Amino acid sequence: RRAKPDRLFIEPSGMGHPGGLFDVLSGEHLGKTLELRATIALVDMTEVAQRGELFHSEAFRDQVHCADVVVGARADVASTSDVEAFQRWAVDELYPAKSHVTTIAHGALPLDILDIACGPTAPAPLLSVHRVAAATAAMAAGGGGGMGPLGSVPIPMVVVPGRPQRVLGGTSEFKTAGWVFSREDVFARPRLTALFEALASEPRVKRFKGVMRVGAEWVMPIVQVEAGRANGVRVKLEPIAYRRDSRLEVIVMVSSSAGNEEGACNEGDGGGEEVEGTECAARAAAACDWDALEAAIKAAIRPPKAVKN
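Keep in mind the model is a prediction, meaning the values are calculated, not measured. (Residues numbered from 1 in each chain as written. Predicted model: local features only at pLDDT ≥ 70, side-chain atom pairs only at ≥ 80, totals over all residues. Heavy atoms only, no water.)

So, about the overall build of the protein chain. Along its length, the protein chain carries 8 helices and 9 strands. By the burial criterion, 44% of the 309 residues in the protein chain qualify as buried. Sequence separation of at least 24 residues holds for 74% of the intrachain contacts in the protein chain that already meet a minimum separation of 6. (Helix = DSSP H or I, 4+ residues; strand = E, 2+ residues; numbered from the N terminus. Buried < 20%, exposed > 50% of the residue type's maximum accessible area, 1.4 Å probe, protein only. Contact = heavy atoms within 4.5 Å.)

Right, dumping it as structure tokens:
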């Protein structure tokens, strides 16, 4: 506050938790003084290609998950296969999709990357063949390791607490739906677990991904098969360093009878029983009833705390 710098660069140590640092910088005190710009992860493309000990380390995962921009470095010495491996990982494997993915040579980072707009973005298609094709074309245009962006850039969107943005898509065989919630929406862990287990146990739900805020941390669902459970699956919520918003994306196999099934459920205010929300989510997803599924997701949000006079 005394120095009043125009721009402050922060490079956390390998032991620093990027998600926690983001929370501090955007919190009640510093958030009123600082304007956060792009969080950048500089990645050695040869390390990604080798997928060795560093690639699988928690510190590496946290830094990449928290980043808005991922930059593949050493394009001047990386092989074609190294660049292609980085491309597949950065464009097709990372979730949520990054605001910007690019490569650089000789350590020359374009300064305009520092001012890339950050915030909630529209979900990238879960049917990732389109993303891979776009990234391949971009790489070919850049000469295999050039300095252009890889794939399409996610579309920024404005999200209001309690009013998620929805994006629909799909093919004749599969339907996709994605929701983006404000980072101010906080989900209840038990309700969220029940919701994910309902989706995981529904045969027509072929895939789902999510990152959701629960309290002071964000989590992503990991589906585990357990023979002893009634629905055969268990969902574990793993912490993740991502911080920009909460989001859920679902792929459902189209059924000729889905349109005749009952998919509606009561929206409620989040105060009902977990079992009811679970049944609603599974039934709504099977019928591709996105209104009902959105209501079930919103029911997992914690009610806002009452303001005391």
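Attention shifts here to the packing of aromatic side chains. Counting across every chain of the model gives 7 aromatic pairs. Aromatic side chains Trp-179 and Trp-290 sit 6.1 Å apart centroid to centroid with 70° between the ring planes, which places their arrangement in the edge-to-face category. Within this pair, whereas Trp-179 is found in strand 5 (residues 174-181), its partner Trp-290 is found in helix 8 (residues 290-298), the two being separated by 111 residues in sequence. As far as burial versus exposure is concerned, Trp-179 and Trp-290 are alike and both buried. (Phe/Tyr/Trp six-rings, centres within 6.5 Å; stacked < 30°, edge-to-face > 60°.)

What follows concerns the side chain of Asp-62. Inspection of the secondary structure puts Asp-62 in helix 3 (residues 58-66). Those residues in contact with Asp-62 that sit more than four places away from it in its chain are His-17, Pro-18 and Ala-241.

The sheet built from 3 strands is open, its strands ordered 1-2-3 with parallel pairing. Only two strands of the sheet have a single partner each, and these edge strands are strand 1 (40-44) and strand 3 (100-103). The average angle at which neighbouring strand axes cross in this sheet is 20°, direction not considered. Relative to strand 3, strand 2 (residues 69-73) runs parallel, the two being bridged by 4 bridges. The residue of strand 3 that forms the bridge with Gly-72 is Thr-103. (Pairing = 2+ DSSP bridges. Axes fitted to C-alpha atoms, helices over the stretch in contact; angles between N-to-C directions.)

As a further point, take the confidence of the model for the protein chain. Residues shown with low pLDDT carry predicted positions that ought not to be read at fine detail. On average, residues of the protein chain carry a pLDDT of 79, and 74% of them reach 70 or more. In the model, residues 126-152 has pLDDT below 50 throughout and makes 51 contacts with residues more than four positions away in sequence or in other chains. (pLDDT = per-residue confidence, 0-100.)

So, on to the environment of Glu-47. With respect to the secondary-structure elements, Glu-47 resides in helix 2 (residues 45-50). On the basis of relative accessible area, Glu-47 is assigned to the partly exposed category, the value being 27%. Residues Glu-47 and Ala-85, 38 residues apart in the sequence, show an inter-C-alpha distance of 10.0 Å. Those residues in contact with Glu-47, other than ones at most four positions away along the chain, are Gly-52, Leu-54 and Phe-55.

Below, the discussion takes up helix 8. Helix 8 sits mainly inside the fold: 7 of its 9 residues count as buried. All buried positions along helix 8 are accounted for by Trp-290, Ala-292, Leu-293, Glu-294, Ala-295, Ala-296 and Ile-297.

Every regular strand shows the same layout, with side chains that alternate between the two sheet faces. The side-chain alternation of strand 3 yields two buried faces, one formed by His-100 and Thr-102 and the other by Val-101 and Thr-103. Running through helix 4 (residues 80-93), the crossover from strand 2 to the neighbouring parallel element strand 3 is right-handed. (Right-handed = clockwise from strand over helix to strand, strands pointing away.)

Moving on, we come to the nonpolar core. In summary, soluble globular proteins display a tendency toward joint burial of nonpolar side chains. Phe-187, Leu-192, Phe-196, Leu-199, Leu-248, Leu-293 and Ile-297 are the most contacted members of the largest nonpolar core, which has 31 residues in total. Breaking this core down by element, the ones donating at least two residues are strand 5, helix 6 (189-201), strand 6 (205-214), strand 8 (233-240), strand 9 (246-253), helix 7 (274-286) and helix 8. The residues touching Ile-297, leaving out its near neighbours within four places in the chain, are Trp-179, Phe-181, Phe-187, Leu-195, Met-212 and Leu-248. Ala-67, Ala-78, Phe-86 and Ala-90 belong to the second-largest nonpolar core, a separate cluster that totals 18 residues. (Core = buried A, V, L, I, M, F, W, Y, C linked by side-chain atoms within 4.5 Å.)

Here Arg-243 is to be found in the loop between strand 8 and strand 9. Among the polar contacts listed, one links the side chain of Arg-243 to the backbone oxygen of Ile-240, at a separation of 3.0 Å. Looking at Arg-243, its side chain comes within polar contact range of the main-chain oxygen of Ala-241, at 3.5 Å. Dropping the residues within four chain positions of it, Arg-243 is found in contact with His-17, Gly-19, Gly-20, Phe-22, Asp-23, Arg-183, Ala-216, Glu-217 and Trp-218. (Polar contact = N/O pair within 3.5 Å; in protein donor to acceptor, adjacent residues only side chain to side chain.)

A separate point is the sheet that holds strand 6. Pairing is antiparallel in the open sheet, where 6 strands are placed in the order 4-5-9-6-7-8. In the strand order of this sheet, the two ends are held by strand 4 (165-170) and strand 8, each with one partner. Each neighbouring strand pair of the sheet contributes to a mean axis angle of 20°, computed without reference to strand direction. Sheet topology places strand 6 next to strand 7 (residues 217-225); 3 bridges connect them, and they run antiparallel. Its bridge partner being in strand 7, Arg-213 is matched across the sheet by Trp-218. Packing against the sheet, helix 8 makes contact with strand 4, strand 5, strand 6 and strand 9, and its axis sits at approximately 35° to strand 5.

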